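The primary structure of each chain is shown beneath.
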Amino acid sequence: MSLVLDSAAQDLLFREARTANSFSDEPVTEEQVQAIYDLVKFGPTAFNQTPLRITLVRSPEARERLVKHLAEGNQAKTAAAPLVAILSADNEFHEELPQLLPHFPQAKDMFFAERPVREQSALLNAALQAAYFIVGVRAAGLAAGPMTGADLAGIQKEFLDADHTPLMIVNIGKPGEDAWFPRSPRLAFDEVVTTV
């Protein structure tokens, strides 16, 4: 095997990890979420931008407001999950670039002065960060249930503002009974990788 991670870590993060559809009632603590973020914030992005925003939905009232915007098949599992996160892209991320890219602070105005350019970059880089976040949830020994089956415009209006574009909802917790669907197939190396 050519990987540095041991087999157990590979299983935890990828091979055995799957989208959870049910969760135990064990709570997810603020300390766990902090540890997840403190790990995944180091994932690479273009210009070291950090457009991902995480809105934790903890109160019953907020959960009820969120669930009504989800596709019917996602409502019950989200209502019952110990923690739910709304992951969104901050389209005004460029304001932080002088802090995050101190050796090249002019990148803020040189590359990201126009809103359409920022939106495109925020979407791509926040999606990268969302993937890191899901792997980070797994690294914490928790299961993630990411979903895009939702009225994202309604979620934006309910929880965010015009500068934040919702990407997905992620249910988080210890897996519950019958949490997994059978593993779906994946494409083989030769179907994906081309050498030129």
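Coordinates for the structure precede this section.
Residues numbered from 1 in each chain as written. Predicted model: local features only at pLDDT ≥ 70, side-chain atom pairs only at ≥ 80, totals over all residues. Heavy atoms only, no water.

Enquirer: Teacher, can you tell me more about the overall build of the protein chain here?
Expert: Per the secondary structure count, the protein chain includes 9 helices and 4 strands. In the protein chain, the succession of helices and strands from N to C terminus is α-α-β-α-α-β-α-α-α-β-α-β-α. Each of the 196 residues in the protein chain was classed as buried or not, and the buried ones make up 39%. Long-range pairs, those at least 24 residues apart, make up 79% of the contacts in the protein chain with a sequence separation of at least 6. A total accessible area of about 11,300 Å² is found for the protein chain, and carbon and sulfur atoms account for 58% of it. Distance from the positive charge centre (17 side chains) to the negative charge centre (26 side chains) of the protein chain: 1 Å. (Helix = DSSP H or I, 4+ residues; strand = E, 2+ residues; numbered from the N terminus. Buried < 20%, exposed > 50% of the residue type's maximum accessible area, 1.4 Å probe, protein only. Contact = heavy atoms within 4.5 Å. Areas by Shrake-Rupley, 256 points an atom, 1.4 Å probe, with all protein chains shown as cover. Lys, Arg positive; Asp, Glu negative; His and termini not counted. Charge placed at Lys NZ, Arg CZ, Asp CG, Glu CD.)

Enquirer: Just to check I follow, could you spell out the pairing of strand β4 (residues 164-173) for this structure?
Expert: Working note: regular strand, side chains alternate between the two faces of the sheet. Within β4, 9 of the 10 residues are buried, which leaves the element mostly enclosed by the surrounding structure. Pairing of strand β2 (residues 83-90) with β4, which is carried by 8 bridges, proceeds in the antiparallel orientation. The residue of β4 that forms the bridge with Ala 85 is Val 170. (Pairing = 2+ DSSP bridges.)

Enquirer: Looking at this structure, how should I read the pattern of salt bridges?
Expert: Any two side chains of opposite charge can pair, so long as their charged atoms come close to each other. According to the stated counting rule, one finds 12 salt bridges in the structure shown. Across the pair Glu 92 and Arg 115 runs a salt bridge whose closest N-O atoms are separated by 3.0 Å. With Glu 92 in the loop between β2 and α5 (97-100) and Arg 115 in helix α7 (residues 115-139), this residue pair connects regions lying 23 residues apart in the sequence. Residue class for Glu 92 comes out partly exposed when judged on its relative accessible area of 22%. (Salt bridge = Lys/Arg side-chain N within 4 Å of Asp/Glu carboxyl O.)

Enquirer: Honestly, α7 in this entry has me stumped. Any pointers?
Expert: Given 3.6 residues per helical turn, the α-helix brings residues three or four places apart onto the same face. For α7, spanning 25 residues, the distance from its first C-alpha to its last is 35 Å, which sits close to the expected 36 Å at 1.5 Å a residue. For α7, the complete set of buried residues consists of Arg 118, Ser 121, Ala 122, Asn 125, Ala 126, Gln 129, Ala 130, Phe 133, Ile 134, Gly 136, Val 137 and Arg 138. Positioned one or two residues after α7, Gly 141 has a phi angle of 80 degrees, which is positive. (Expected span 1.5 Å × (residues − 1).)

Enquirer: Please explain the side chain of Thr 78 as it appears in this structure.
Expert: Here Thr 78 shows up in helix α4 (residues 72-80). Among the residues examined, Thr 78 registers a relative accessible area of 0% and is labelled buried. Once you skip the residues sitting within four places of it in the chain, Thr 78 turns out to touch Arg 63, Leu 66, Val 67, Leu 70, Val 84, Met 147 and Asn 171.

Enquirer: Help me out: how do you make sense of a nonpolar patch on the surface in this one?
Expert: On the surface, a nonpolar cluster with roughly 430 Å² of combined accessible area is contributed by Leu 187, Phe 189, Val 192 and Val 193. With respect to the helices, strands and loops of the structure, Leu 187 is situated in the loop between β4 and α9 (189-192). (Patch = residues over 30% accessible without salt bridge, like charges linked within 9 Å, V, L, I, M, F, W, Y side chains within 5 Å.)

Enquirer: I would appreciate a short explanation of the environment of Ala 153 in the present structure.
Expert: Structurally, Ala 153 is set in helix α8 (residues 152-159). Residue class for Ala 153 comes out exposed when judged on its relative accessible area of 54%. Separated by 12 residues in the primary sequence, Ala 153 and Thr 165 have C-alpha atoms spaced 8.4 Å apart.

Enquirer: Quick question: what am I supposed to make of the nonpolar core here?
Expert: One broad rule of soluble globular proteins: the nonpolar side chains tend to lie buried together. Leu 87, Val 137 and Ile 172 are the most contacted members of the largest nonpolar core, which totals 24 residues. Mapped by element, the contributors of at least two residues to this core are α2 (30-40), β2, α7 and β4. Here this core gets 6 residues from one element, more than from any other, and that element is α7. When residues no more than four places from it in sequence are discounted, the contact partners of Ile 172 are Phe 23, Val 28, Pro 82, Leu 83, Ala 85, Phe 133, Val 137, Leu 142 and Ala 143. (Core = buried A, V, L, I, M, F, W, Y, C linked by side-chain atoms within 4.5 Å.)

Enquirer: Even after reading the chapter, I still don't get α4, so can you show me in this structure?
Expert: All of the buried residues in α4 are Asn 74, Lys 77 and Thr 78. Buried positions in α4, seen along its axis, are confined to an arc of 100 degrees and lie on one side of it. Those residues of α4 that are exposed and aimed more than 90 degrees away from the buried face are Glu 72, Ala 76 and Ala 80. The inward-facing, buried residues of α4 contact α3 (60-67), β2, β3 (143-147) and β4. (Arc of directions from axis to C-beta.)

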